[in-house]
Each structure stands twice: as C-alpha cells, then as structure tokens.
Amino acid sequence: ILAQTKNESSLRSLLSASLSKSEIVAAGAVYTIAPEHPATMWRFLKDNFYLYNKKMSKLPFQHQFLLEATVENLRKPEDYQDVQMFFNEHDPGAGMPGVMSG
C-alpha cells in the first residue's frame, strides 16, 4: 500500500528503512516501488549506490535483478542517458548484466 503513494518523501523513507534490513527486504522494497515510481527509485538508488552495492555484493544475482528492475522501468530518454553517465563513472560490479538488460 505504501508503494502506491505519490509522496516521494514517504517512498524514500520506506526505501531507507529497507536498507537497514536484510538483502531480501531491501530488494523487495525495490521490486515493489520501481514499477510504479521508476524515477524516484532511480534517484534513490543513485543517492545510495554504495550502500546497495555493498549490501548486494553478497547476492550477485539479486544485485543484477535489483538494477534491472530499477532501470527497465524508466521511460524518458534523459533517464537512460543519466543511467549511462552514472555507470560510466560507477562500477555496478555483479549488477552489470542488470544494467545492460534493463
């Protein structure tokens, strides 16, 4: 239900709280929010990339799917350009296949 809100602050709070939980909880929050709010999810992921990268490094396939779920839902060409520029400067590690397929 929280993922259906249009309040970006509430979504970011939910995502922040999920980062303090297990990898599965953090990924579940992404999978819930990314389809409905792709731009918010992408901004949050960028702002917290190092935390996600560290947390998901233990689960490479989960990391891949998390990045894919985030990127594949973006709709605007400028968002895709932002993704390219971001990952030119930040190594997604095991998540690279998710970036490429998203």
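Quick note: structure is the one above.
Keep in mind that this is a model prediction, so the values were computed, not measured.

Enquirer: What exactly am I supposed to notice about helix 3 (residues 38–47) here?
Expert: For the α-helix, the turn length of 3.6 residues means that residues three or four positions removed from each other point alike. When we look at burial in helix 3, the residues that qualify are P38, T40, M41, W42, F44 and L45. Structurally, helix 3 contributes buried residues whose contacts are with helix 1 (8–19), helix 2 (23–33), helix 4 (49–56), helix 5 (60–71) and helix 6 (77–89).

Enquirer: What is the right way to look at the packing of helix 2 against helix 5 in this model?
Expert: Working note: a packed helix pair is described by the angle between its axes plus the distance between those axes. Contact geometry for helix 2 and helix 5: axes closest at 9 Å, N-to-C directions at 20°. With respect to helix 5, the axis of helix 2 lies roughly parallel. Between helix 2 and helix 5 lies a crossing whose hand is left-handed. Two secondary-structure elements touch here, helix 2 through A27, V30 and Y31 and helix 5 through Q62, F65, L66, A69 and T70. A breakdown of the residues in the contact of helix 2 with helix 5 according to their chemical character gives six nonpolar, two polar and no charged.

Enquirer: How should the side chain of Q62 be read in this particular structure?
Expert: Within the fold, Q62 resides in helix 5. A distance of 3.4 Å separates the side chain of Q62 from the side chain of Y31, its partner in a polar contact. Not counting the four nearest positions on each side in its chain, Q62 is found in contact with A27, Y31 and M56.

Enquirer: Sorry if this is basic, but what is going on with the nonpolar core here?
Expert: What tends to happen in soluble globular proteins is that the nonpolar side chains get buried as a cluster. Ranked by size, the top nonpolar core spans 24 residues in total, and within it M41, Y52, L66 and F87 carry the most contacts. At the level of secondary structure, the elements contributing two or more residues to this core comprise helix 1, helix 2, helix 3, helix 4, helix 5 and helix 6. The biggest single contributor to this core is helix 2, with five residues. If near-sequence neighbours (up to four positions away) are discounted, F87 is found in contact with W42, F49, L67, P92 and V99.

Thresholds applied
Residues numbered from 1 in each chain as written. Predicted model: local features only at pLDDT ≥ 70, side-chain atom pairs only at ≥ 80, totals over all residues. Heavy atoms only, no water. Buried < 20%, exposed > 50% of the residue type's maximum accessible area, 1.4 Å probe, protein only. Helix = DSSP H or I, 4+ residues; strand = E, 2+ residues; numbered from the N terminus. Contact = heavy atoms within 4.5 Å. Axes fitted to C-alpha atoms, helices over the stretch in contact; angles between N-to-C directions. Parallel < 35°, antiparallel > 145°, perpendicular 65-115°, else oblique. Left-handed = near helix turned anticlockwise from the far one by under 90°. Nonpolar A, V, L, I, M, F, W, Y, C, P; charged D, E, K, R; others polar. Polar contact = N/O pair within 3.5 Å; in protein donor to acceptor, adjacent residues only side chain to side chain. Core = buried A, V, L, I, M, F, W, Y, C linked by side-chain atoms within 4.5 Å.

Interpretation in functional terms is not warranted from these geometric data alone.
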